[in-house]
Amino acid sequence: MSSKWSAPRNRVMNDRLWDAQGREWHRQFVWLDRAEVDRLVPKLGRLVVHRYHEPLRWLSGDEAAAWWKKVRLHTQTSEEKDVTPDDQDLTYAAAVWTSGEDRLLVVEEFC
């Protein structure tokens, strides 16, 4: 029996995220303000939606921009904690995750 360990794929554990290729990303513990997310969505070209106990959703291009536009006003920031939930009773918070020099925008969904 082999004891070889393989990295998780497409999941989050605490402050670590593994993408579908097994690359590990680390979270920066600052919630971004909405203007910063507005700037990052087109610059990075993609975002990841993370909801606990659900698969990661990887959105890119127009799909990422449209999804962000829909949830933008329901997103808390480091300065603003009380936001109105959306029609699914969810709120959101965005953070940058890094792997080496690369950055990944992850938006957390909260119940």
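Placed above this text is the structure.
(A) Here's a closer look at the pairing of strand 4 (residues 46-51). Here strand 4 runs beside strand 5 (residues 57-60); their pairing, made up of 4 bridges, is antiparallel. Looking at strand 5, one finds that arginine 46 is bridged to serine 60. Joining the antiparallel neighbours strand 4 and strand 5 is a turn of 5 residues, in which histidine 53 adopts a positive phi near 65°. The pairing of strand 4 with strand 8 (residues 102-110) spans 4 bridges and is parallel.

(B) Seen up close, the pairing of strand 8. Summarising the sheet, strand 7 (residues 91-99) and strand 8 pair through 9 bridges and their orientation is antiparallel. Counted as the bridge partner of tryptophan 97 is leucine 104 from strand 8. Between strand 7 and strand 8, which pair antiparallel in sequence order, lie 2 residues; one of them, glycine 100, sits at a positive phi of approximately 65°.

(C) Looking closely at the pattern of salt bridges. Considering all chains together, one arrives at 6 salt bridges under this definition. Put simply, arginine 23 and aspartate 102 hold a salt bridge, and the shortest N to O gap is 2.5 Å. Placement of the pair is arginine 23 in the loop between strand 2 (16-18) and strand 3 (24-27) and aspartate 102 in strand 8, with a sequence separation of 79 residues. For aspartate 102, a relative accessible area of 36% puts it in the partly exposed group. For the salt bridge of arginine 27 with glutamate 108, the shortest nitrogen-to-oxygen distance reads 3.4 Å. Of the two residues, arginine 27 is situated in strand 3 and glutamate 108 in strand 8; the sequence distance between them amounts to 81 residues. Taking relative accessible area as the criterion, arginine 27 reaches 16% and is therefore assigned buried.

Rules behind the numbers
Residues numbered from 1 in each chain as written. Predicted model: local features only at pLDDT ≥ 70, side-chain atom pairs only at ≥ 80, totals over all residues. Heavy atoms only, no water. Pairing = 2+ DSSP bridges. Helix = DSSP H or I, 4+ residues; strand = E, 2+ residues; numbered from the N terminus. Salt bridge = Lys/Arg side-chain N within 4 Å of Asp/Glu carboxyl O. Buried < 20%, exposed > 50% of the residue type's maximum accessible area, 1.4 Å probe, protein only.

Read these as spatial facts, not as claims about activity.
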